[in-house]
Structures are given as structure tokens and as C-alpha cells.
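# Structural overview for review
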Amino acid sequence: MSTYARKDITFTKGQGIWLWDENGEKYLDALSGIAVCGLGHAHPKIANVIAKQASALLHTSNIYRIRTQEQLGDRLCAVSNMDRAFFCNSGAEANEAAIKLARLHGNKQSIKIPTIIVCENSFHGRTMATLTATGNRKAHAGFEPLVAGFIRAPFNDSETIAEICKNNSNVCAILVEPIQGEGGIHIPNNTYLQELRSLCDQHNLLLMLDEIQTGNGRTGKWFACHHQQVLPDVMTTAKGLGNGMPIGACLARGAAAELFAPGSHGSTFGGNPLACATALQVLTTIKEDDLLSNATSMGQLLVDTLKQTLADHPLVKDIRGCGMMIGIELKMPCTKIVNLALEKKLLVNVTANNIIRLLPPLITSQDEITMIANLICECVEDFQQRL
Ligand SMILES: *Cc1c(COP(=O)(O)O)cnc(C)c1O
């Protein structure tokens, strides 16, 4: 169905941060399939583990034990500092699990209408509950009635959330992205998550962080909340976890990790041997190849290089980033830059109308960073000339 305004271009092959289209034209991928292919394309270790697992076993069922799922759960909990994992197949599904945990947490305390605080400008997915949680009217339009039990606050404003908590005894959880991705790479002040953490502790709410885009090394830490030394009660992740193999996870800690019981949630495909073996290899490779520090230093280099040319550019409002999650905010709508970049064989996207978003693979080298920065500067110049 017509769910995407697709570019008329088809890729048939990839290698590292490079893609080739049907005509053999080579492109620099600074988007990683929207924060998915952190290890780049056709990574030999990933290709190998998929082939090996596929010839051993693809699927049994969650009614039996799955060794690779148990190993992945252990590893994911170790790197995230969470206690238990539920596996599913996408980000939206991971958030659905989180929302169900919040409802269980609220109902357990006999809250009348368990209500989750969510943020303006947020993105949490396309299912009915997650599109309701999403802070974008366009995502809602035409899909009413929306799901009950959500209340909205501005992002990066813990005072408003404190007010809501004080006045609304139905609140049972806060769901927020530690850095807004689709919303335009908005990085909150560095005490925001701590402030939310203490509000949750004070009011017995679940702090639920959507790390679907920010997780798995994207920001230079395993998870973005680690930048603020804050642990949530519930954390969701997906995108980079499988490097292209569909997998999502809802992680929980403490009492929140004990809310589900047999029968309260499930998934046929979630946590299957193939997806879990792949994700386990993704986590192993991030560690073995020191990709957290590469994402940190290369992300910083990209921001610094962009700033050298664009910081004082008349069209540029702000350049910001955290690891390999970078936004260049222009002073006007700039969706046309996507096509200008495509002409230069560079893949980027524009989010929230006026923010060029770069999500290069975590493996990107210094030379490749320079290429991305130079091409972006050319694109902004071209864009200005065509205004
Ligand atoms: C992509 C994304 C989702 C939705 O993930 P899907 O796999 O597309 O369902 C949810 N939250 C955030 C922050 C995302 O970036």
C-alpha cells in the first residue's frame, strides 16, 4: 500500500557504509536505514551468523526454551543495566509491551484510569497505542478514536511534568525518548532524565525510556540514558539491535520486570533463534570492535567539521549531535536537500521539515566522515543557490 513517498531508487548491494543501486551507481549511506545498520551493510560476521543459524534452526516457539534468546537477554541486560527482557519484532511492539507494563503497574495500585505522560514532538511508532503516544497530529489524523490514558507535556520540561504529577492521581508512568529522533535530534539538558527519575520515585511511576533509535551504541554509549547516569524502570529498543534483522526488546528493572506473568503478553515470532543469534553477534561486534568509542569520536568529528563550514552559514540555525546521531537545523523547510544529496550520491534525510538528520553507521571511518561533511556542505550551498 502507499505508505511511503518512495524515492525511485533501488539498492541491490551494500558494503560497509556504501550502497550500490541497480545501475551500479555507488552511494554513501549516512542514514543506516534510519539507525538500523550500525555495523554497516554486509558485515561478514553478521552474514555468517545468519547463515549458520539458518541452517541449524529458524523457529520453534516461545513455548519452548530458546538458548540464543536466553543468551541475548543476559547480554542485553548486562550492557543496559536492566534485569529482564521481552523480545518482539519491532520498535512499536517494544513500546506496546512498555505501555502494557505501565497499565499493569497502574491497575495494581487501583488507579482509575492509568495514564502515561508522553511528550510533544515525540515518536513512538504506528500501532494504535504508540501512534497515540506519538506527539504529532499528522500521525493521529484520521485514526480517531485514539487510545485513552495518555497525557502530553512539552519535551525537556520536567517542571510541567511535575505539575501534572501533582494534580493528576491517574498518572502511572512517563514515556520519553532520551533524545528525540524523528522529532529532529532534540537533546534535553543534562539533568532532564535525573529530574524525571526523581519524579517517578516520588510518585511511584514507571520511568519508561524509548531507546529504539538511541540504543545499541548509536549515541556512543550502549544506551543514551547512560550519558545522564539514569536507569529507567522500562527501556525499549529495536532499530540497531539486529543490524537489519527485525527484532525489538522491552527491558525492565526491579518490580517492573516482574509485572508480566504467563498469559499476559507474548509473540509468535519474537525472540526467535535467528533474530537472537544475529542480535547477540551485533552486541559482540560493538564491544570487540570498540564501536562505542568510534561512534563517540567520529560523531564529534562530524559535528566539528560541519561547524567549521556551516556554523556561521546564513541558512543554518543549529548543528547538534550525540555520537552518531546528528542534526543540522536550517532556518527554513529543507526537504529538497534530500534530493540534492541523492544527486551527489549521499543518503540523508530531513526530519521535522527543517532538520537534516545524519545517522551514519557506527563503523564509519575518519575519511568517510570527511566525505559526508564535505558533501553536506555542498548540499547546503546548492540549496541556498536554488532558493
Ligand atoms: C523508529 C522508532 C520507533 C518505531 O519503531 P518501528 O520498528 O518502526 O515500529 C519508536 N520509537 C522511536 C524513538 C523510533 O525511532
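Residues numbered from 1 in each chain as written. Predicted model: local features only at pLDDT ≥ 70, side-chain atom pairs only at ≥ 80, totals over all residues. Heavy atoms only, no water.

### A look at a nonpolar patch on the surface
- Together, Met 128, Phe 143 and Leu 146 make up a nonpolar patch on the protein surface, roughly 250 Å² of accessible area in all.
- Relative to the elements of secondary structure, Met 128 occurs in helix α5 (residues 128-133). (Patch = residues over 30% accessible without salt bridge, like charges linked within 9 Å, V, L, I, M, F, W, Y side chains within 5 Å. Areas by Shrake-Rupley, 256 points an atom, 1.4 Å probe, with all protein chains shown as cover. Salt bridge = Lys/Arg side-chain N within 4 Å of Asp/Glu carboxyl O. Helix = DSSP H or I, 4+ residues; strand = E, 2+ residues; numbered from the N terminus.)

### A look at the sheet that holds strand β2 (residues 18-21)
- Taken in spatial order, the 4 strands make up an open sheet running β1-β2-β3-β13, and their pairing is mixed. Among the strands making up the open sheet, the edge pair consists of β1 (11-15) and β13 (346-347).
- Pairing between strand β3 (residues 26-29) and β13: 2 bridges, direction parallel. Residue pairing for β13: Asp 29 is matched across the bridge by Leu 347.
- Contacts from helix α12 (residues 366-385) reach β2, β3 and β13 within the one sheet, and its direction differs from that of β3 by about 95°. (Pairing = 2+ DSSP bridges. Contact = heavy atoms within 4.5 Å. Axes fitted to C-alpha atoms, helices over the stretch in contact; angles between N-to-C directions.)

### A short note on the pattern of salt bridges
- Tallied over the entire structure, the rule returns 14 salt bridges.
- Among the ionic pairs, Glu 70 bridges to Arg 65, the shortest N-O distance being 2.8 Å.
- Judged by its relative accessible area of 66%, Arg 65 is exposed.
- Residue Glu 258 pairs with Arg 84 through a salt bridge whose shortest N-O separation is 3.0 Å. Of this pair, Glu 258 sits in the loop between β10 (248-252) and α9 (273-288) while Arg 84 sits in strand β4 (residues 84-88), and the two are 174 residues apart along the sequence.
- The exposure class assigned to Glu 258 is exposed, which follows from its relative accessible area of 51%.
- The structure contains a network of salt bridges with shared partners spanning Lys 317, Asp 318, Arg 320 and Glu 329. (Buried < 20%, exposed > 50% of the residue type's maximum accessible area, 1.4 Å probe, protein only.)

### Regarding unusual backbone geometry
- Residue Pro 145 is reached from Glu 144 by a cis peptide bond, and omega for that bond is 0°.
- Note that Pro 145 resides in the loop between α6 (137-140) and β6 (150-153).
- At Lys 345, a position not held by glycine, the phi torsion is positive, near 65°.
- Checked against the element boundaries, Lys 345 lands in the loop between α11 (337-343) and β13.

### Brief notes about empty space enclosed by the protein
- All chains considered together, the criterion is met by 1 cavity of 30 Å³ or more.
- The computed volume of the largest cavity comes to approximately 60 Å³.
- In terms of lining, the largest cavity is formed by Ala 35, Gly 38, Leu 39, Gly 215, Asn 216, Arg 218, Gly 240, Asn 243, Val 282, Ile 286 and Leu 362. (1 Å grid on protein atoms, 1.4 Å probe; cavity = no way out; pocket = protein on both sides within 12 Å on 5 of 7 lines; lining within 4 Å. Points joined across faces, edges and corners; volume = space filled by probe spheres on them.)

### So, the environment of Asn 23
- Structurally, Asn 23 can be placed in the loop between β2 and β3.
- For Asn 23, a relative accessible area of 69% gives the class exposed.
- Spatially, the C-alpha atom of Asn 23 lies 9.0 Å from that of Phe 11, the residues being 12 residues apart in sequence.

### Overview of the site of the ligand
- In the vicinity of the ligand, the residues found are Ser 90, Gly 91, Ala 92, Asn 95, Phe 123, His 124, Gly 125, Glu 177, Asp 210, Ile 212, Gln 213 and Lys 239.
- Between the ligand and Phe 123 there is a distance of 3.2 Å, counted from a nitrogen atom to a backbone nitrogen or oxygen.
- Lys 239 is positioned with one of its side-chain polar atoms (N or O) 2.6 Å from an oxygen atom of the ligand.
- Considering the ligand on its own, with 380 Å² of exposed area, one finds that the protein chains cover 81% of that surface.
- Residue contributions to the shell around the ligand peak at 3 residues, all from helix α4 (residues 91-108).
- In terms of residue class, the shell around the ligand is built from 3 nonpolar, 6 polar and 3 charged. (Near = heavy atom within 4 Å. Polar contact = N/O pair within 3.5 Å; in protein donor to acceptor, adjacent residues only side chain to side chain. Nonpolar A, V, L, I, M, F, W, Y, C, P; charged D, E, K, R; others polar.)

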